[in-house]
Amino acid sequence: MAEKNVVWHAHKLTRQERAAIKGHQSCIIWFTGLSASGKSTVANELEYALNKKGMHTYIRDGDNIRHGLNKNIGFSAEDRKENIRRIGEVAKLFVDAGVLVITAFISPFKEDRDTVRGLVNAGEFIEVYAKCPISVCAERDPKGLYKKAMAGEIKEFTGISQPYEEPVNPELVVETDKLSVEECVDKVLAYLKSKDIIKG
Ligand SMILES: Nc1ncnc2c1ncn2[C@@H]1O[C@H](COP(=O)(O)OP(=O)(O)O)[C@@H](O)[C@H]1O
Ligand SMILES: [Mg+2]
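All values reported here derive from a predicted model rather than from experimental measurement.

S.K.: Any chance you could explain the overall build of the protein here in plain terms?
M.R.: Broken down by element type, the protein carries 8 helices and 5 strands. Starting at the N terminus and ending at the C terminus, the protein contains elements arranged as α-β-α-β-α-α-β-α-β-α-α-β-α. Against the compact-globule benchmark of 16 Å for 200 residues, the protein has a radius of gyration of 17 Å, which places it among compact chains. Each of the three principal axes of the protein carries a C-alpha extent, and together these read 55 × 45 × 30 Å. Sequence-distant contacts, at least 24 apart, represent 75% of the contacts inside the protein between residues at least 6 apart. In the form shown here, the protein has an accessible surface area of approximately 11,100 Å², with 53% of it arising from carbon and sulfur atoms. Averaging the positions of the 30 positive and the 29 negative side-chain charges in the protein gives two centres separated by 4 Å.

S.K.: Quick question: what am I supposed to make of the packing of helix H4 (residues 77–96) against helix H5 (residues 110–117) here?
M.R.: A pair of packed helices is captured by two measures, namely the crossing angle of their axes and the spacing between those axes. As a packed pair, H4 and H5 sit with axes 9 Å apart at the nearest point and diverge in direction by 20°. Regarding the angle of H4 to H5, the classification is roughly parallel. Viewed along their axes, H4 and H5 form a crossing whose handedness is right-handed. For the pair formed by H4 and H5, the contact residues are Arg-80, Lys-81, Ile-84 and Gly-88 on the first element and Glu-111, Asp-112 and Val-116 on the second. Of the residues contributing to the contact of H4 with H5, the split by class is 2 nonpolar, 1 polar and 4 charged.

S.K.: Just checking my understanding: could you explain a nonpolar patch on the surface for this structure?
M.R.: Taken together, the side chains of Ile-134, Met-150 and Ile-160 define a hydrophobic patch exposed on the protein surface, amounting to about 260 Å² of accessible area. Within the secondary structure, Ile-160 is located in the loop between helix H7 (145–150) and strand S5 (172–175).

S.K.: Got a minute to help me understand the pattern of salt bridges in this structure?
M.R.: Opposite charge on two side chains lets them pair, provided their charged atoms get close. Tallying each qualifying case throughout the model produces 11 salt bridges. Ionic pairing is found between Glu-124 and Arg-15, a salt bridge with its closest N-O pair at 2.6 Å. Placement of Glu-124 in the loop between H5 and strand S4 (125–131) and of Arg-15 in helix H1 (residues 15–20) is noted, with a sequence separation of 109 residues between them. Side by side, Glu-124 and Arg-15 carry an identical accessibility label, which is buried. Across the pair Asp-114 and Lys-110 runs a salt bridge, and its minimum N-O distance is 2.6 Å. With Asp-114 and Lys-110 both in helix H5 and 4 residues apart, the pair spans about one turn of that helix.

S.K.: What exactly am I supposed to notice about the state of the cysteines here?
M.R.: When the sulfur atoms of two cysteines share a covalent bond, that bond is a disulfide. Considering all chains together, one arrives at 0 disulfides under this definition. Free cysteine: Cys-132, not disulfide-bonded; nearest cysteine sulfur from Cys-137 at 3.9 Å. Cys-137 sits in the buried class, given a relative accessible area of 0%.

S.K.: Just to check I follow, could you spell out the side chain of Thr-176 for this structure?
M.R.: Locating Thr-176 in the fold gives a position in the loop between S5 and helix H8 (181–194). Only 2.6 Å separates the side chain of Thr-176 from the backbone oxygen of Ser-37, close enough to count as a polar contact. When sequence neighbours within four positions are dropped, the list of residues in contact with Thr-176 reads Ser-37, Ala-130, Lys-131, Cys-132, Arg-140 and Cys-184.

S.K.: Is there a simple way to explain the site of ligand 1 in this structure?
M.R.: The full set close to ligand 1 counts 15 residues, and Ala-36, Lys-39, Ser-40, Thr-41 and Leu-179 are the nearest of them. At 3.1 Å from a nitrogen atom of ligand 1 is found a main-chain nitrogen or oxygen belonging to Thr-176. Burial of ligand 1 by the protein amounts to 76% of the accessible area it has alone, namely 570 Å². The greatest single-element share of the shell around ligand 1, amounting to 4 residues, is contributed by helix H2 (residues 39–52). For the shell around ligand 1, the class distribution of residues is 6 nonpolar, 7 polar and 2 charged.

S.K.: Teacher, can you tell me more about the nonpolar core here?
M.R.: Soluble globular proteins tend to pack their nonpolar side chains together in the buried interior. Counting 26 residues, the largest nonpolar core has Ile-29, Phe-31, Leu-46, Leu-50 and Leu-192 as the members making the most contacts within it. If you list the elements that add at least two residues to this core, you get strand S1 (27–32), H2, strand S3 (100–104), S4, S5 and H8. When residues in this core are grouped by element, the largest group, 6 residues, is from H8. For Leu-50, the residues in contact, after removing those within four places along its chain, are Met-55, Thr-57, Leu-100, Ile-102, Leu-189, Leu-192 and Ile-198.

What counts as what
Residues numbered from 1 in each chain as written. Chains lettered and ligands numbered in written order. Predicted model: local features only at pLDDT ≥ 70, side-chain atom pairs only at ≥ 80, totals over all residues. Heavy atoms only, no water. Helix = DSSP H or I, 4+ residues; strand = E, 2+ residues; numbered from the N terminus. Rg over C-alpha atoms; globule rule 2.2 N^0.38 Å. Contact = heavy atoms within 4.5 Å. Areas by Shrake-Rupley, 256 points an atom, 1.4 Å probe, with all protein chains shown as cover. Lys, Arg positive; Asp, Glu negative; His and termini not counted. Charge placed at Lys NZ, Arg CZ, Asp CG, Glu CD. Axes fitted to C-alpha atoms, helices over the stretch in contact; angles between N-to-C directions. Parallel < 35°, antiparallel > 145°, perpendicular 65-115°, else oblique. Left-handed = near helix turned anticlockwise from the far one by under 90°. Nonpolar A, V, L, I, M, F, W, Y, C, P; charged D, E, K, R; others polar. Patch = residues over 30% accessible without salt bridge, like charges linked within 9 Å, V, L, I, M, F, W, Y side chains within 5 Å. Salt bridge = Lys/Arg side-chain N within 4 Å of Asp/Glu carboxyl O. Buried < 20%, exposed > 50% of the residue type's maximum accessible area, 1.4 Å probe, protein only. Disulfide = S-S within 2.5 Å. Polar contact = N/O pair within 3.5 Å; in protein donor to acceptor, adjacent residues only side chain to side chain. Near = heavy atom within 4 Å. Core = buried A, V, L, I, M, F, W, Y, C linked by side-chain atoms within 4.5 Å.

Read these as layout, nothing more, since geometry by itself doesn't imply function.
Now the structure itself:
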């Protein structure tokens, strides 16, 4: 709870003015999906493409943030909730700074994703569902995690021993078992253009 003597200070310069000098708007492009669904891969290529177009981006990825800000956070439902809440608050600060924020977290619970959606203005949270059947994810298994989870070596593994709640109405779905990485990136870029977040 905020202290009653801690009062929000309204700043003169708005987020729109911060973003305007960059020639694009700021928002959160929130990838969600099973482990190995392709969030990090698509998010990375998306950031690269945006940067080469001269856009100011920043990426936050699941495992990396657990090395720093969230290193005291585990994988229970309660901890995952706190993990996402902190990430959401940080992403919000970047939106305020005028940056195109890209995040790649499993974020398995709808309620937690909706919490982040509620932190920013309408249209500033773009939920991108990296959709891929769990059988394909388990087959890909780039980190060998499914193998361990199926052997019971990892508890609370999304899709195996903990649920993944599919997005109900995401802004975008990228089917990573059907589209190439490039096609997934193009789909996101087209969406950003259609919403005038970036220019053509
Ligand atoms: N269309 C695609 N989009 C994203 N990843 C793909 C695609 N096709 C194959 N892959 C592969 O699937 C794996 C996805 O891993 P990763 O991006 O780390 O997933 P996540 O971050 O969701 O856990 C990578 O090995 C990637 O090369
Ligand atoms: Mg990843």
